[in-house]
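# A closer look at the structure
Each chain, letter by letter, is given below.
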Amino acid sequence: MSLARASILVFIVVALLTALFMVKMSQGEAMPTGPTDSTTVPHYFGPWPNWALSPLTLPDATVTIDGDGTGAAAVATVGGNGVITGIHVTNPGSGYTTATVGITGAGTGAAASATITSTGAIVAVTVGNPGSGYKAPVVTISGGGATADATATAYGGVDAITLQNAGTGYQFPTVDFDMPDDPNGIKAEAAATIDANGAITGITITNPGSGYATAPTVVIRDGTLMDPVANAGAGASAVATINVTTVHLLTFGAGYTSAPTVTITDSVGTGSGATATAAVNNGLISAIDVTAAGSGYVTGGGIRKFQDQLPMLCNPAVPGSCEDAAAANNLGKFLPLGVPEEKTYPDPDGNPILSDEYEIGLIQYRSKFNTDLPATLARAYVQIDTSADAATTGYPLENELLDGTKVPVMIDGLQAYGVTSPQWLGPVIAATKNKPVRIVFRNLLPTGSDGDLFLPTDSTLMGSGMGPMGLADPVDEGSVMDGVRNPVCSEAPKSPDCFKDNRATLHLHGGISPWISDGTPHQWITPANEDTPWPEGVDVRYVPDMPVGNDPRDGVMTFYYTNQQSARLMFYHDHAWGTTRLNVYAGEAAGYIISD
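Residues numbered from 1 in each chain as written. Predicted model: local features only at pLDDT ≥ 70, side-chain atom pairs only at ≥ 80, totals over all residues. Heavy atoms only, no water.

## What about unusual backbone geometry?
Following Gly-426, the chain continues into Pro-427 via a peptide bond in cis, with omega recorded as 0°. Phi is positive for Asn-81, close to 60°, though the residue is something other than glycine. Looking at where Asn-81 falls in the secondary structure, it is placed in the loop between strand 2 (73–78) and strand 3 (84–91). A residue is classified by how much of its surface remains accessible, and Asn-81, at 69% relative accessible area, is exposed. Despite not being glycine, Asp-412 has its phi angle at roughly 55°, a positive value. Tracing the backbone through its elements, the reader meets Asp-412 in the loop between strand 27 (410–411) and strand 28 (414–415). The exposure class assigned to Asp-412 is exposed, which follows from its relative accessible area of 72%. (Helix = DSSP H or I, 4+ residues; strand = E, 2+ residues; numbered from the N terminus. Buried < 20%, exposed > 50% of the residue type's maximum accessible area, 1.4 Å probe, protein only.)

Right under this line is the structure:
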């Protein structure tokens with residue numbers, strides 16, 4: 001079980017990302033009225049450049065400096081829970097004898113005080129000549145009658161690249177540099193040329209970048225870091241130097257009676273030629289100290305860290321164990337183990353074989369995945385309670401529709417009950433090596449237009465659009481509104497000639513399964529009595545000795561897993577043709593553990 005416990009982190013990450021995706025996707029369901037219609041999805045020019053990106057929680061704190069001087073400016077840094085952790089002076093201004101610091105934004109309670117240097121201090125350093133050939137430029141500010149010298153850092157861009165070794169065998173050489181030292185800097189770029197033997201003949205700087213306090217390391221690759229060339233060349237090396245383009249003041253000094261001398265040297269290399277001048281003024285804001293951190297200085301919405309506990313595994317066979325605080329998190333979510341029913345089936349010679357059997361249904365429900373996210377529609381596997389007293393011990397199952405209404409889940413005309421309420425990534429099946437698992441799978445999703453997936457579908461993918469016959473090919477009219485770019489089977493409600501969005505199956509990922517129980521992309525079923533010419537995939541097969549699931553329109557499949565493999569953590573998920581990715585996004589996945 002320790003392996004299963006460790007896997008929960010992976011499950012939760014998948015769940016959160018998927019929940020974010022669904023929050024965005026559920027905002028519309030039909031074709032847009034125009035190319036920039038933002039009321040429905042898809043919307044081809046925004047407003048969400050990445051639908052899976054949640055609203056980000058960003059710092060929301062503005063620092064203002066009021067007084068009898070001018071020009072001072074500062075920015076605040078914001079830490080956990082929106083507290084102000086520091087204030088950095090970006091412009092010291094001049095002429096201040098008094099100054100008050102204000103902090104406004106989403107939070108409350110923060111306060112700070114300003115330090116004024118009334119005697120001469122440096123307000124700016126301006127680079128006159130950038131020089132060249134520096135490895136690590138150092139700025140020294142001296143003279144001017146200072147009682148405390150100012151300090152500064154020099155930044156620049158790449159001014160030269162010297163090839164040390166040409167290497168050989170390169171096919172597609174790329175040149176990579178370290179990131180700049182200044183967070184606001186720009187990474188340098190360069191291109192390499194090769195000869196007939198694949199040796200590097202030269203490197204040309206295409207963008208010198210900025211923000212380098214030291215010369216960056218140069219790496220020459222064949223291909224890129226993420227996409228290397230097969231049988232790549234090797235052996236090439238080069239070194240870079242930088243010039244000086246800006247000088248950033250760290251401290252402003254004090255007591256200057258005249259402009260000091262600014263000297264730029266190279267602490268490592270032989271760079272030379274850089275010059276700069278300093279401007280001196282009185283009444284500077286030289287520092288701002290936070291006297292009260294306050295809280296809440298972040299934008300509204302978004303997802304805060306560490307607000308919810310991880311749901312834990314629990315055994316529904318033990319009354320109250322899943323709802324107990326040891327398993328359920330603050331949102332009431334838990335990971336229920338499946339409760340097997342031991343059944344005996346004869347082998348071909350009549351000898352009994354003991355199996356763990358589960359009846360698992362697929363329903364649609366609404367769930368809250370994170371404190372800072374609204375409840376969103378999802379689809380979930382849930383174990384059906386087949387006991388005689390299910391009506392008193394089980395959980396009455398419902399399908400929630402896109403408009404928020406709920407309808408009872410029925411099996412053979414009777415209310416269906418779950419062993420537990422539907423839970424993301426459950427029920428988790430705990431199997432034993434060499435002991436078979438049998439599953440009766442019921443597709444209990446809504447039918448008709450209510451069964452259309454609440455996520456926008458791309459019906460241009462094979463298997464997710466038109467059925468084998470029916471609709472005419474769409475006409476390309478060169479517009480985002482034509483049938484090529486907005487296929488009829490991507491709309492909702494869908495044409496009866498389209499494959500149904502509520503088709504589903506089970507696939508044991510990593511399992512050594514008989515082919516009839518593999519849950520291949522062509523082994524899917526729709527719910528019972530769905531109005532479609534194609535109620536199931538062409539390769540649907542049933543476990544021969546199980547008495548259910550033999551009618552193409554009964555919404556039932558059977559599966560047989562041998563578990564003849566070593567102990568491991570796996571998962572079972574949907575694998576239906578053309579919609580696997582969306583069905584798993586929607587929640588059709590759960591854990592499967594083999595122990596020995």
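Additional details are given in the paragraphs that follow.
## Overview of the packing of aromatic side chains
Taken as a whole, this structure holds nine aromatic pairs when the rule is applied. Between Tyr-561 and Tyr-592, the aromatic rings sit 6.0 Å apart at their centres with planes inclined by 85°, giving edge-to-face as the arrangement. Of this pair, Tyr-561 sits in strand 33 (residues 556–561) while Tyr-592 sits in strand 35 (residues 589–595), and the two are 31 residues apart along the sequence. Classification of Tyr-561 by relative accessible area gives buried; the value is 1%. Here the aromatic cluster, defined as three or more aromatic residues joined through ring pairs, consists of Tyr-381, Phe-441, Phe-559, Tyr-561, Tyr-572 and Tyr-592. Between the NZ or CZ atom of Lys-333 and the centre of the ring of Phe-369, over which it lies, the distance is 4.6 Å. The ring of Tyr-345 has Arg-438 lying over it, and the distance from NZ or CZ to the ring centre is 3.6 Å. (Phe/Tyr/Trp six-rings, centres within 6.5 Å; stacked < 30°, edge-to-face > 60°. Lys NZ or Arg CZ within 6 Å of the ring centre and 35° of its normal.)

## Some remarks on the sheet that holds strand 32 (residues 507–509)
Here four strands make up an open sheet; going across it, the order is 30-35-34-32 and the pairing mixed. Sheet topology places strand 30 (425–432) and strand 32 at the edges, where each strand pairs with a single neighbour. When strand polarity is set aside, the average angle formed by the axes of neighbouring strands in this sheet is 25°. Pairing of strand 34 (residues 568–573) with strand 35, which is carried by six bridges, proceeds in the antiparallel orientation. Across the sheet, residue Phe-571 finds its bridge partner in strand 35, namely Gly-591. (Pairing = 2+ DSSP bridges. Axes fitted to C-alpha atoms, helices over the stretch in contact; angles between N-to-C directions.)

## Things to note about the nonpolar core
The biggest cluster of nonpolar side chains holds 55 residues, and the ones touching the most others in it are Ile-87, Val-125, Ile-141, Phe-177, Ile-203 and Ile-288. Ranked by residues supplied to this core, first place goes to strand 14 (residues 234–242) with four residues. With residues up to four places along the chain from it excluded, the contact list for Phe-177 reads Val-158, Ile-161, Lys-187, Ala-188, Glu-189, Ala-190, Tyr-212, Pro-216, Thr-217, Val-218 and Ala-240. Ranked by size, the runner-up nonpolar core spans 24 residues in total, among them Ile-439, Tyr-542, Phe-559 and Tyr-592. (Core = buried A, V, L, I, M, F, W, Y, C linked by side-chain atoms within 4.5 Å. Contact = heavy atoms within 4.5 Å.)

## As for the pattern of salt bridges
Applying the stated criterion across every chain yields a total of nine salt bridges. Across the pair Asp-356 and Lys-435 runs a salt bridge, and its minimum N-O distance is 3.1 Å. Here Asp-356 is found in strand 22 (residues 352–367), whereas its partner Lys-435 is found in the loop between strand 30 and strand 31 (437–443), with 79 residues between them in sequence. Each member of the pair, Asp-356 together with Lys-435, is buried. For the salt bridge of Glu-359 with Arg-442, the shortest nitrogen-to-oxygen distance reads 2.6 Å. Here Glu-359 is found in strand 22, whereas its partner Arg-442 is found in strand 31, with 83 residues between them in sequence. By relative accessible area, which is 17% here, Glu-359 ends up buried. Among the charged side chains, a network of salt bridges with common partners joins Asp-176, Lys-187 and Arg-221. (Salt bridge = Lys/Arg side-chain N within 4 Å of Asp/Glu carboxyl O.)

## Here's the deal with the state of the cysteines
Under the definition given, this model contains two disulfides. What pairs with Cys-489 in a disulfide is Cys-498, and their sulfur atoms sit 2.0 Å apart. On the S-S bond that ties Cys-489 to Cys-498, the torsion sits near -85°, and the link is left-handed. For the pair formed by Cys-489 and Cys-498, the shared burial category is buried. For the chain, the bonded cysteines connect in the pattern 1-2, 3-4 when numbered consecutively along the sequence. (Disulfide = S-S within 2.5 Å.)

## Looking at the side chain of Thr-117
Looking at the secondary structure, you find Thr-117 in strand 5 (residues 108–117). Relative accessible area serves as the criterion here: at 11%, Thr-117 is assigned to the buried category. Polar contacts involving the side chain of Thr-117 include one to the side chain of Ser-286, which spans 2.9 Å. With sequence-adjacent residues up to four places away left out, Thr-117 is seen in contact with Gly-253, Ala-254, Asn-282, Gly-283, Leu-284 and Ser-286. (Polar contact = N/O pair within 3.5 Å; in protein donor to acceptor, adjacent residues only side chain to side chain.)

## Observations concerning the side chain of His-507
With respect to the helices, strands and loops of the structure, His-507 is situated in strand 32. Beyond its immediate stretch of four places on either side in the chain, His-507 contacts Asp-518, Gly-519, Phe-571, Tyr-572, His-573 and His-575.

## Digging into the environment of Thr-162
Secondary-structure assignment places Thr-162 in strand 9 (residues 158–168). Separated by 78 residues in sequence, Thr-162 and Ala-240 have C-alpha atoms that sit 6.3 Å apart. Those residues in contact with Thr-162 that lie beyond four places of it in its chain are Ser-237, Ala-238 and Val-239.

## Points about the pairing of strand 13 (residues 218–222)
Only one face of strand 13 is covered, namely the one carrying Val-218, Ile-220 and Asp-222; the face carrying Val-219 and Arg-221 has none of its residues buried. Of the pairings in the sheet, the one linking strand 10 (residues 173–177) to strand 13 comprises five bridges and is antiparallel in character. Following the sheet pairing, Phe-177 is matched in strand 13 by Val-218.

## Describing the environment of Ala-199
Looking at the element boundaries, Ala-199 is found in the loop between strand 11 (189–194) and strand 12 (200–207). As for Ala-199 and Gly-235, which are separated by 36 residues in sequence, their C-alpha atoms are 9.0 Å apart.

## A few points about the environment of Pro-422
With respect to the helices, strands and loops of the structure, Pro-422 is situated in the loop between strand 29 (417–418) and strand 30. Since its relative accessible area comes to 11%, Pro-422 is described here as buried. Sequence separation of Pro-422 and Ile-363 is 59 residues, and the distance between their C-alpha atoms is 8.1 Å. The contacts of Pro-422, once residues within four sequence positions are left out, are Ile-363, Tyr-365, Ala-380, Val-382, Tyr-395 and Leu-397.

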